[in-house]
Amino acid sequence: MNATESPRLTVIGTGYLGATHAICMAVLGYEVLGVDVDEGKIAKLASGEVPFFEPGLPELLAKALESGRLRFTTSFEEAGGFGDVHFLCVGTPQQPGSDAADLTYVDAAVRALAPYLDRRALVVGKSTVPVGTAKRLTEVIQDLAPAGTDVELAWNPEFLREGFAVDDTMRPDRMVFGVASQWAEDRLRAAFKPVLDLGTPVVRTDLATAELVKVAANSFLATKISYINAMAEVCEAVGADIKDLADSLALDDRIGGKFLKPGLGFGGGCLPKDIRAFAHRAEEIGVGQAVSFLREVDDINRRRRARTVDLVRELLGGQISGKRIAAWGAAFKPNSDDIRDAPALDVARTMHGLGGHVRVFDPAALDNARRAFPELRYGDSALDVAENADVVVLLTEWSDFREIDPAALAEVVREKRIVDGRHALDAERWRAAGWEYRALGRS
């Protein structure tokens with residue numbers, strides 16, 4: 001096949017990243033085969049069901065299946081025969097008992113696919129991995145593949161934001177191609193032609209740099225979030241207002257306002273485990289001191305959860321035990337059902353452990369929360385869990401919660417007290433409606 005012809009694509013791993021990538025690429029006009037060892041997941045996708053919450057994706061899955069360009073399989077042999085470009089989209093979670101990334105799934109996917117690569121092909125990693133992984137996997141693939149060195153490896157990190165994954169896939173703000181040859185770059189350009197035709201900037205670089213881009217970006221964002229939350233701790237100590245401070249910093253064009261919002265901090269399946277794995281890998285390669293600040297970034301972020309519980313306790317007169325608490329939010333962020341390392345559920349569980357009668361509502365993540373934390377109680381709506389509550393605690397900044405009328409909420413609660421863990425509400429509006437309003441870093 002000519003390097004510039006439209007390739008057939010496989011996507012290895014059909015979790016959040018893989019399913020989104022497979023669906024969007026099929027909608028863009030490619031023939032795509034999604035591959036996973038989980039038969040249940042494959043069956044759901046093949047029947048038109050997206051097994052997680054992501055706005056816009058179910059409609060695109062239906063469109064892709066109807067077009068006939070998207071299929072799913074559990075057969076790596078079928079994948080090897082079908083694909084010209086194979087995308088690795090499996091998870092790299094944190095190892096149990098360690099900060100290191102668990103590469104079990106990446107290694108398993110490569111070893112399952114490679115024996116069926118009997119012609120020239122490109123394998124493209126999209127998963128977030130420790131630097132040096134691509135070099136090692138290149139040797140594994142070329143050793144196991146019948147085509148040997150005719151199989152090349154590239155790295156193309158993903159930059160998906162949960163809740164905006166469709167746009168981030170089809171209209172990304174940049175693409176990074178970590179390649180070892182011009183042929184590999186040409187293959188990637190052919191595999192992303194509709195996206196690149198939009199004028200998307202491309203950075204061509206080496207494999208190691210491409211691996212570092214994602215963890216470097218996530219580390220920077222995490223640092224910015226933890227910085228403003230560190231300033232919130234200072235504001236609390238001196239009676240200053242973190243919102244006014246953040247607004248002032250945001251007007252400095254060297255700093256900007258994005259990710260400069262104080263509150264409960266970050267969670268999810270990427271930022272926490274990525275910065276820990278980055279720091280761990282840096283120590284392994286002898287440059288741990290260069291990123292040692294990431295340990296404090298992580299610590300600042302964790303402290304926000306405990307401080308939010310402290311705010312609730314203070315608002316309740318020093319006692320959580322026996323109090324009725326409405327917890328608004330379970331997902332780590334709005335427009336997602338992802339509860340991995342979710343600050344909201346961490347706070348809810350802590351308050352439950354302190355004897356509080358906690359009821360949780362989230363517009364999308366309730367099923368996941370119930371499965372993971374059956375000890376908590378759940379409700380059917382924001383107003384339902386707030387019935388007779390002594391305090392309402394906003395933990396995930398869903399628009400549903402921001403739009404609630406303070407007067408309507410006052411009709412169902414026992415006491416008009418609210419802790420805004422995300423700085424999502426208009427403090428003056430709530431106070432004007434007679435509510436005791438508290439937020440991290442605000443007097």
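Residues numbered from 1 in each chain as written. Predicted model: local features only at pLDDT ≥ 70, side-chain atom pairs only at ≥ 80, totals over all residues. Heavy atoms only, no water.

Trainee: Sorry if this is basic, but what is going on with the overall build of the chain here?
Mentor: The secondary structure content of the chain amounts to 19 helices and 14 strands. Radius of gyration (C-alpha) of the chain: 24 Å, near the 22 Å computed for a compact globule of 443 residues. In terms of overall dimensions, the chain has C-alpha extents of about 70 × 50 × 40 Å along its principal axes. By the burial criterion, 55% of the 443 residues in the chain qualify as buried. Residue pairs at least 24 apart in sequence account for 73% of intrachain contacts in the chain once pairs closer than 6 positions are excluded. For the chain, the exposed area adds up to about 18,500 Å²; of that, 50% sits on carbon and sulfur atoms. Taking the 53 positively charged and 66 negatively charged side chains of the chain as two groups, their mean positions are separated by 2 Å. (Helix = DSSP H or I, 4+ residues; strand = E, 2+ residues; numbered from the N terminus. Rg over C-alpha atoms; globule rule 2.2 N^0.38 Å. Buried < 20%, exposed > 50% of the residue type's maximum accessible area, 1.4 Å probe, protein only. Contact = heavy atoms within 4.5 Å. Areas by Shrake-Rupley, 256 points an atom, 1.4 Å probe, with all protein chains shown as cover. Lys, Arg positive; Asp, Glu negative; His and termini not counted. Charge placed at Lys NZ, Arg CZ, Asp CG, Glu CD.)

Trainee: For this particular structure, what's the right way to read the environment of serine 321?
Mentor: Among the secondary structure elements, serine 321 is positioned in the loop between helix H13 (293-315) and strand E9 (324-328). For the pair formed by serine 321 and methionine 351, sequence separation is 30 residues and the distance between their alpha carbons is 8.2 Å. Excluding anything up to four places from it in sequence, serine 321 contacts Leu354, Gly355 and Gly356.

Trainee: Honestly, unusual backbone geometry in this entry has me stumped. Any pointers?
Mentor: Glycine aside, residues mostly have negative phi angles, and peptide bonds mostly take the trans form. One non-glycine residue, asparagine 335, lies in positive phi territory at about 60°. Within the element layout of this structure, asparagine 335 appears in the loop between E9 and helix H14 (343-353). One non-glycine residue, asparagine 388, lies in the positive phi region at around 60°. Here asparagine 388 is to be found in the loop between helix H16 (382-385) and strand E12 (391-394).

Trainee: Hey, could you run me through the UniProt feature "domain: UDP-glucose/GDP-mannose dehydrogenase C-terminal" (unreviewed entry) in the chain in this one?
Mentor: Following the UniProt record, one finds the feature "domain: UDP-glucose/GDP-mannose dehydrogenase C-terminal" (unreviewed entry) at residues 326-427. Taken end to end, residues 326-427 is 31% helix and 18% strand, and its first and last C-alpha atoms sit 18 Å apart. (UniProt positions renumbered as here; feature names shortened; annotations may be inferred.)

Trainee: What should I look at first to understand the pattern of salt bridges in this one?
Mentor: Working definition: two side chains of opposite charge can pair if their charged atoms are close together. For the coordinates displayed, the defined rule picks out 42 salt bridges. With a closest N to O distance of 2.9 Å, arginine 119 and aspartate 84 form a salt bridge. Of the two residues, arginine 119 is situated in the loop between helix H5 (104-113) and strand E5 (121-125) and aspartate 84 in the loop between helix H4 (76-82) and strand E4 (85-88); the sequence distance between them amounts to 35 residues. Judged by relative accessible area, which is 29%, arginine 119 ranks as partly exposed. (Salt bridge = Lys/Arg side-chain N within 4 Å of Asp/Glu carboxyl O.)

Trainee: Even after reading the chapter, I still don't get the domain arrangement of the chain, so can you show me in this structure?
Mentor: By a widespread convention, an interface's size corresponds to the accessible area lost as its parts come together. Assigned domains of the chain: these are domain 1 (9-205) and domain 2 (218-439). Relative placement of domain 1 and domain 2: their C-alpha centres are 33 Å apart. At the interface, 17 residues of domain 1 touch 18 residues of domain 2. For the pairing of domain 1 and domain 2, the buried interface totals around 1,400 Å² over both sides, and the portion due to carbon and sulfur atoms is 51%. Across the domain 1-domain 2 interface, the total number found is 2 salt bridges. Glutamate 162 is paired through a salt bridge with arginine 340; the nearest N and O atoms lie 3.6 Å apart. Counting across the interface, domain 1 meets domain 2 through 8 residue pairs in polar contact (both at pLDDT 80 or more). Taken together, the residues of the side of domain 1 that touches domain 2 sort by class into 7 nonpolar, 6 polar and 4 charged. (Domains from an automatic or database assignment. Buried area = accessible area lost by both parts, 1.4 Å probe. Polar contact = N/O pair within 3.5 Å; in protein donor to acceptor, adjacent residues only side chain to side chain. Nonpolar A, V, L, I, M, F, W, Y, C, P; charged D, E, K, R; others polar.)

Trainee: Is there a simple way to explain the environment of isoleucine 418 in this structure?
Mentor: Here isoleucine 418 lies in strand E13 (residues 417-420). Isoleucine 418 sits in the buried class, given a relative accessible area of 0%. Once the C-alpha coordinates of isoleucine 418 and valine 392 are considered, the two residues, 26 residues apart in sequence, prove to be 4.7 Å apart. In this view, isoleucine 418 contacts Leu315, Trp328, Val391, Val392, Leu425, Trp430, Trp435, Glu436, Tyr437 and Arg438; residues no more than four positions away in its chain are not counted.

Trainee: Would you explain the packing of aromatic side chains in this entry?
Mentor: Two measures describe an aromatic ring pair: the distance that separates the ring centres and the angle between the ring planes. What the rule picks out here adds up to 7 aromatic pairs. Between phenylalanine 177 and phenylalanine 192, the aromatic rings sit 6.1 Å apart at their centres with planes inclined by 25°, giving stacked as the arrangement. Remark: phenylalanine 192 occurs in the loop between helix H8 (182-191) and helix H9 (193-196) and phenylalanine 177 occurs in strand E7 (residues 175-178); sequence separation between them is 15 residues. In this structure an aromatic cluster arises from ring pairing among Phe87, Phe177 and Phe192. One Lys or Arg, arginine 161, reaches over the ring of phenylalanine 164 and ends 4.6 Å from the middle of that ring. (Phe/Tyr/Trp six-rings, centres within 6.5 Å; stacked < 30°, edge-to-face > 60°. Lys NZ or Arg CZ within 6 Å of the ring centre and 35° of its normal.)

Trainee: Help me understand the side chain of aspartate 390, please; the structure alone is not making it clear to me.
Mentor: Along the chain, aspartate 390 falls in the loop between H16 and E12. Within polar-contact distance, the side chain of aspartate 390 engages the side chain of arginine 414 at 3.5 Å. The contacts of aspartate 390, once residues within four sequence positions are left out, are Leu316, Lys323, Arg324, Arg414, Glu415 and Arg417.

Trainee: It is not clear to me how the state of the cysteines should be interpreted in this structure. Could you clarify?
Mentor: A disulfide bridge is the covalent bond that connects two cysteines by way of their sulfur atoms. Under the definition given, this model contains 0 disulfides. Cysteine 24 takes part in no disulfide bond, and the closest cysteine sulfur, belonging to cysteine 89, lies 11 Å away. A disulfide-free cysteine, cysteine 270 has its sulfur positioned 13 Å from the sulfur of cysteine 89, the nearest such atom. For cysteine 270, a relative accessible area of 29% puts it in the partly exposed group. (Disulfide = S-S within 2.5 Å.)

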